[in-house]
Amino acid sequence: MDDELLELQRQFEFAQQAKSSIRLSDRNVVELVQKLQQLQIIDFELLHTASGKEYITLDQLRNEMVTEVKRLGRISVIDLADVTGVDLYYVEKLAQSIITDHGELMLTQGEIVTESYWDSIAEEINERLQECSQIALTELAAQLNVGLDLIASVLEPRLGTIVKGRLEGGQLYTPAYVARVSAMVRGAARGITVPTNLTVLWSSLQNLLQEMDGASGVAVDGSFFQSLFNGLVKGGEILGSVRAGVHWTPAVFAVAQKESVDSFFSQNSFISYDVLQKLGIPQPVQFLQSRYPEGKPLVTTFVHPSMIEMLDAATEDALERGSWSDSLSLLPPSFTPQDASKMLFLCQSVQLALKSNKAHIFGDFYVLSSSFMKDICDRTVKELEALAVSRSLGTVKPGDLPIANAVKAGYDSSKLSESSEMASDGGSNKHADKGPKKKKGKATGNTLANQSESGADNQEHTSTKSKKSQRKGKDTSSQTSDSKQGSRKESLKMKEDNLSSPSEEWIMEKITALVPDFEEQGIDDPETILRPLANKLRPTIINTWMEKRKALFKDNAERMKQLLDNLQKKLDESFLNMQLYEKALELFEDDQSTSVVLHRHLLRTVAAPMVDMLLHDLDEHNKLKNGVEVQESPNSESISLSPGDRSAISKSFPGALANKALAVVEALEGKRVETFMSSFRAVTEESGLPLKKLDKKLERTLLHSYRKELTSQVSVETDPVSLLPKVVSLLYVQVHHKALQAPGRAISVAISQLTDKLDESACKILADYQAAAVTLLTLSATPDDEDSCASDRILSKRELLESQMPALKSLVSSAPRS
């Protein structure tokens, strides 16, 4: 076989060297090739070389390219085009096909590289790495003139086999160096006991390596440390947890963390989120909920259910006692108002009380029972009633009342409106059943109920109305009253709507006074509970107060009507008697000293009870008119007031009535009855209670009644001393037709006035009896205890007087009558 092959080679060589007798030109060859292609004898593609003198097939070009690449290991496409002499276009086209067919080849950056080339390069890199312990990929890429990604992708599959090293952060490290750095990372991480940022640790290790290795030290990237650290954590050589890749929490710290949280929470039943944040726990709510599922998260604190039960029990106890509870004061100081508010809504008793409207929450953490709030309302209403009473009595100024400025001007008139109308209506109804004189008095009497509309116009209207009523009777009064009634009722209704209502600030002050616990517990900020509570209670206080006042006005109306009627009757009777007694004083005008005694006696005995009755009933009427609840008083005729009481009651009257009442009180302490009578008439007219004037007919009637009464008293009198004044008074009625009211020390003068009217025997009987009576009174007033006969003398004098009593009584029947 070999011999035949050698023979064929010799023949082929001979044929090539033999000179043809027929030679073809280059052009003929080209035409011949084209003809062969047209005849499809050559059915494959032929390529011209760059010189244009040769043809080459694609397969040959492929073979030549593969041969050249394998020979060199790495060659650019441009160099292949130069070597093969074929246009670059066809070389690039075949390069893609060659790479596809040959897996050990790769095309990168216009170059075809074989795997064997990279193996040899890896061996060179490994030799160099073992010498210097570290090589940067950027340096290798620059040396090999390839991209950084390419050199990294080539080296990664060869690490641990051809290249004995580790690739981290663009650096190649030897295993020994990796073990050294890994030991440093392990030691540093194990020495950390608190949460640490790993970037700070890597910076410290880099500085340490540079100090250890000096100028020849390897620059280690932080990612290399991080990679070694992650491997140690994954392998369990370092215990702890990493958050966000760089925040390292050692296991020992986590254990201490949990133990600290457990200890605090178990001892206090709560823990603040700030405590956990100081311990380095970033999400305290989630941490606590996962560790204590039974706990309840609040705004700033996490609590155990036992604390909620404690607050629930304390609040429930306060509600059952009808009191209030400051939830924040029951909790530790670290709790905020928002925490207390949220805890309250976790308390079952509070929720039930809120649903049943038995409790209210103010300022987030104050729980007030409805009964406690009702008690405040009731006590505040009582305070308002007391202020209204003080206002009606004049003991408090209008400016001191808890009212808004807008309604202060109408306070006096509005607060009396309803009772005034009722009293006025009651008076007018009564007019229809009485005679003309009574109608005159009652028409004027309505001014008492309307006198609260203060001012000069009202006073003038009252006076004018009274005078016209006395002259014309019912017609003029009715016209005046009817013309004013509609407008007055409308005005009073408007004022009733704007009735002086307590201001918010006043209610806040009263709440502070009624509940001193608020101030004792340091509740200084009014916005926390006082103002909201005042806003809550104010409508209820106003409504309750108005309802009570309206009910009281309604109840007082009938009493006012009856009081005025009774007072008018009693005043008419008393004042007529006073006028009757006054006439007797004319008999003693010549004797100034006796006149003063008689005037004062009449003022003390007759005028004083009349004034006391008037002041007492007017005061009661004033209170009823102002909506004050007044207890049923005893008979005003039996009322006895001191001068101080009279002055105090007079000052409590409104407007001009107070001044005129004070004038009456002063006149009562004076020496002249005329002054008193004038002042008394002024008061009664101002009060709308006109008094009857004593005429001749009434005087005769009263004298007849007075004489009849005195006669009856004289006939049954058994006291010898008391008999004398009655006999003298009866004699004056018979002789002078005057009703004399004389005290004991004026009896002698009164008897002397009768000497010219009685016979001599009668005068002697009176004189002797009066002398004996004076002696008896003197002995009784100043007894001499050392005188054993004093009692005998008193007894003898009394017996003497008693023996003379029949003679004295007989003077009444025998006295002449003028």
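You'll find the structure just up there.
What counts and how
Residues numbered from 1 in each chain as written. Predicted model: local features only at pLDDT ≥ 70, side-chain atom pairs only at ≥ 80, totals over all residues. Heavy atoms only, no water. Pairing = 2+ DSSP bridges. Helix = DSSP H or I, 4+ residues; strand = E, 2+ residues; numbered from the N terminus. Axes fitted to C-alpha atoms, helices over the stretch in contact; angles between N-to-C directions. Buried < 20%, exposed > 50% of the residue type's maximum accessible area, 1.4 Å probe, protein only. Contact = heavy atoms within 4.5 Å. Expected span 1.5 Å × (residues − 1). Arc of directions from axis to C-beta. Salt bridge = Lys/Arg side-chain N within 4 Å of Asp/Glu carboxyl O. Phe/Tyr/Trp six-rings, centres within 6.5 Å; stacked < 30°, edge-to-face > 60°. Patch = residues over 30% accessible without salt bridge, like charges linked within 9 Å, V, L, I, M, F, W, Y side chains within 5 Å. Areas by Shrake-Rupley, 256 points an atom, 1.4 Å probe, with all protein chains shown as cover. Lys, Arg positive; Asp, Glu negative; His and termini not counted. Charge placed at Lys NZ, Arg CZ, Asp CG, Glu CD.

Chemist: Quick question: what am I supposed to make of the sheet that holds strand β3 (residues 74–76) here?
Modeler: The strands making up a sheet associate through hydrogen bonds between their backbones, and the pairing can be parallel or antiparallel. Spatially, the three strands line up as an open sheet ordered β3-β5-β4, and their pairing is antiparallel. In this open sheet, the two strands that pair with only one neighbour each are β3 and β4 (105–108). Averaged over all neighbouring strand pairs, the angle between strand axes comes to 20°, with direction disregarded. Where β4 and strand β5 (residues 111–114) come together, four bridges link them in antiparallel fashion. The partner of L105 across the bridge, within β5, is T114.

Chemist: When you look at the environment of G73 in this model, what are you seeing that I'm missing?
Modeler: With respect to the helices and strands, G73 occurs in the loop between α3 (58–72) and β3. Assessed through its relative accessible area of 7%, G73 is described here as buried. Separated by 47 residues in sequence, G73 and S120 have C-alpha atoms that sit 9.6 Å apart. Apart from residues no more than four positions distant in its own chain, G73 is found in contact with I112, V113, T114 and Y117.

Chemist: Help me understand helix α5 (residues 88–101) in this model?
Modeler: With 14 residues, α5 should cover 20 Å at 1.5 Å per step; its first-to-last C-alpha distance of 20 Å lies within 8% of that length. Taken residue by residue, α5 has V91, L94, A95, I98 and I99 as its buried positions. Summarising the axial view, the buried residues of α5 lie within an arc of 145°, below the 170-degree limit, and thus occupy one face. In this structure, α5 carries K93 and T100 as exposed residues pointing more than 90 degrees from its buried face. In this structure, the buried side of α5 is in contact with α3, α4 (77–84), β4 and β5.

Chemist: What should I look at first to understand the pattern of salt bridges in this one?
Modeler: Side-chain pairs of opposite charge can arise where the charged atoms are in close proximity. Per the counting criterion, the structure on display carries 18 salt bridges. Two residues, E504 and R531, come together in a salt bridge whose shortest N-O distance is 2.2 Å. Residue E504 is located in helix α26 (residues 504–514), and its partner R531 is located in helix α28 (residues 530–584); the two are separated by 27 residues in the primary sequence. You can call R531 partly exposed: its relative accessible area is 21%. In this structure, the salt-bridge partner of E686 is K660, at a minimum N-O distance of 3.1 Å. Separated by 26 residues along the polypeptide, E686 in helix α32 (residues 673–686) and K660 in helix α31 (residues 655–668) bring together distant segments of the chain. In this structure K660 comes out as partly exposed when scored by relative accessible area, which is 30%.

Chemist: Which parts of the structure should I look at to understand the packing of aromatic side chains?
Modeler: In this description, an aromatic ring pair is defined by two values, namely the gap between the centres and the angle between the planes. Scanning the model with the defined rule gives 11 aromatic pairs in all. When the centroid spacing of 5.9 Å and the interplanar angle of 45° are considered together, the rings of F265 and F302 count as tilted. Of this pair, F265 sits in helix α12 (residues 251–268) while F302 is found in strand β14 (residues 301–303), placing the two residues 37 residues apart along the sequence. There is no split in this pair, since F265 and F302 are both buried. Aromatic pair F270 and F335: ring centres 5.2 Å apart, planes at 65°, arrangement edge-to-face. One end of the pair, F270, is in strand β12 (residues 270–272); the other, F335, is in the loop between α16 (327–330) and α17 (337–344), with 65 residues separating them in the sequence. For the pair shown, F270 and F335 are each scored as buried.

Chemist: Looking at this structure, how should I read the sheet that holds strand β13 (residues 296–297)?
Modeler: Sheet architecture is open: three strands sit in the order β12-β14-β13, paired in antiparallel fashion. The sheet is open, and its two edges are formed by β12 and β13, each paired on a single side. In this structure, β12 lies alongside β14, joined through three bridges in antiparallel fashion. In the strand pairing of β14, F270 is matched with V303.

Chemist: Would you explain the pairing of strand β10 (residues 240–243) in this entry?
Modeler: In summary, the side chains of a regular strand alternate between the two faces of the sheet. Both β10 and strand β11 (residues 247–250) contribute to a ladder of four bridges, which runs antiparallel. Following the sheet pairing, G240 is matched in β11 by P250. Linking two consecutive strands that pair antiparallel, namely β10 and β11, is a turn of three residues; a positive phi of about 60° is found at A244 within it.

Chemist: I'm lost on a positive patch on the surface in this one. Help?
Modeler: Residues R600, R604, K671 and R745 make up a contiguous surface patch of positive charge. If you trace the backbone, R604 turns up in helix α29 (residues 592–625). On the accessibility criterion, R604 (52% relative accessible area) is exposed.

Chemist: Would you explain unusual backbone geometry in this entry?
Modeler: Of note, the phi angle at S269 is positive, near 65°, even though the residue is not glycine. When you line up the elements, S269 lands in the loop between α12 and β12. For S269, a relative accessible area of 18% gives the class buried. At N357, a position not held by glycine, the phi torsion is positive, near 60°. Assignment of secondary structure puts N357 in the loop between α18 (348–355) and β16 (359–362).

Chemist: How should I be thinking about the pairing of β11 in this particular structure?
Modeler: As judged from the two bridges shared by strand β9 (residues 196–197) and β11, these two strands associate in the antiparallel manner. Bridge pairing in β11 links T196 to W248.

Honestly, that's just the spatial picture; any functional story needs more than this.
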